[in-house]
Amino acid sequence: MEGFYICSIFAMNNSRSMNIDKLIDKYFTGEASNVAIEVFDDTNIYAVYSDIVKMLHDYPEIELSILQAMAYCFYEILDNVLTHSTKKMGTVITFFDKRNTRVMILVADDGIGVRKSLSENPRYNNITEEDALRLCLQDAVTDGKGMGYGLFSTMQLISNAGSLLQIHSGRSVLSFDGNNI
């Protein structure tokens, strides 16, 4: 997969409303005219997921096993928005840059954040946002509404694919480049 780069950003902003223009300006600098924006809820989550997989499939250098793992991870991330954020919808912004051999995918919501979601499980009641971000990447860490495997499996994929994962929650950011958090 030489030359392949994916930036997967799962943003949980504890704000009242999400500003799509600010997200595009921040993460897709200079590419605003080439991004695709989709809003998803429980009625169209599979269609949006299918669009992400199609974009990844159209990228010729992704081997099948990596594509299958990415497909699983992206569905988990979309589902996390609807399951854990307390919001009924999320947003996906995608960008495919053939010239620089780069795919960027941002999944965002303006829900309660990782710490508040995890604190619904008494085991994680007194953690900081930074601790919550680190914990959510571990296997079986959950607020009780899921199995706690989605972000763990995404981190495992990132480790093997040479990609970048960023998770934003509240005012905290966790970046994982496959080796370092």
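Structure report, in brief.

Cut-offs and rules
- Residues numbered from 1 in each chain as written.
- Predicted model: local features only at pLDDT ≥ 70, side-chain atom pairs only at ≥ 80, totals over all residues.
- Heavy atoms only, no water.
- Helix = DSSP H or I, 4+ residues; strand = E, 2+ residues; numbered from the N terminus.
- Expected span 1.5 Å × (residues − 1).
- Buried < 20%, exposed > 50% of the residue type's maximum accessible area, 1.4 Å probe, protein only.
- Contact = heavy atoms within 4.5 Å.
- Axes fitted to C-alpha atoms, helices over the stretch in contact; angles between N-to-C directions.
- Parallel < 35°, antiparallel > 145°, perpendicular 65-115°, else oblique.
- Left-handed = near helix turned anticlockwise from the far one by under 90°.
- Nonpolar A, V, L, I, M, F, W, Y, C, P; charged D, E, K, R; others polar.
- Phe/Tyr/Trp six-rings, centres within 6.5 Å; stacked < 30°, edge-to-face > 60°.
- Patch = residues over 30% accessible without salt bridge, like charges linked within 9 Å, V, L, I, M, F, W, Y side chains within 5 Å.
- Areas by Shrake-Rupley, 256 points an atom, 1.4 Å probe, with all protein chains shown as cover.
- Salt bridge = Lys/Arg side-chain N within 4 Å of Asp/Glu carboxyl O.

**As for helix H6 (residues 150-161)**
For H6, built from twelve residues, the straight-helix expectation of 16 Å at 1.5 Å per residue is met to within 8% by its first-to-last C-alpha distance of 16 Å. The element H6 is largely enclosed, with a buried count of nine among its twelve residues. Buried within H6 are the following residues: Gly150, Leu151, Phe152, Ser153, Thr154, Met155, Leu157, Ile158 and Ala161. Buried residues along H6 sit in contact with helix H3 (64-84), strand S5 (164-169) and strand S6 (172-176). Once H6 ends, the next one or two residues include Gly162, with phi positive near 65 degrees.

**Here we look at the packing of helix H2 (residues 45-58) against H3**
Describing two packed helices takes the angle between their axes plus the distance from one axis to the other. The geometry of H2 relative to H3 is characterised by a closest axis approach of 10 Å and an angle of 150 degrees between their N-to-C directions. In terms of axis orientation, H2 runs roughly antiparallel to H3. For the element pair H2 and H3, the recorded crossing hand is right-handed. In this structure, H2 contributes Ile45, Val48, Tyr49, Ile52, Val53, Leu56 and His57 to the contact, and H3 contributes Leu67, Met70, Ala71, Phe74, Tyr75, Leu78, Asp79 and Leu82. In the contact of H2 with H3, the residues fall into 13 nonpolar, one polar and one charged.

**So, the packing of aromatic side chains**
For the coordinates displayed, the defined rule picks out four aromatic pairs. Chaining the aromatic ring pairs together yields one cluster made of Tyr46, Tyr49 and Tyr75.

**Re H3**
Taking 1.5 Å as the rise per residue, H3 with 21 residues should run 30 Å; its terminal C-alpha atoms sit 30 Å apart, in good agreement. When H3 is considered as a whole, its buried residues turn out to be Ile66, Leu67, Met70, Ala71, Cys73, Phe74, Glu76, Ile77, Leu78, Asn80, Val81 and His84. Just downstream of H3 lies Thr86, where phi reads positive at about 70 degrees.

**Thoughts on a nonpolar patch on the surface**
A cluster of nonpolar residues, Tyr72, Met147 and Tyr149, forms a patch on the protein surface that exposes about 350 Å² of accessible area. Within the secondary structure, Tyr149 is located in the loop between helix H5 (129-135) and H6. Using a relative accessible area of 36% as the deciding quantity, one classes Tyr149 as partly exposed.

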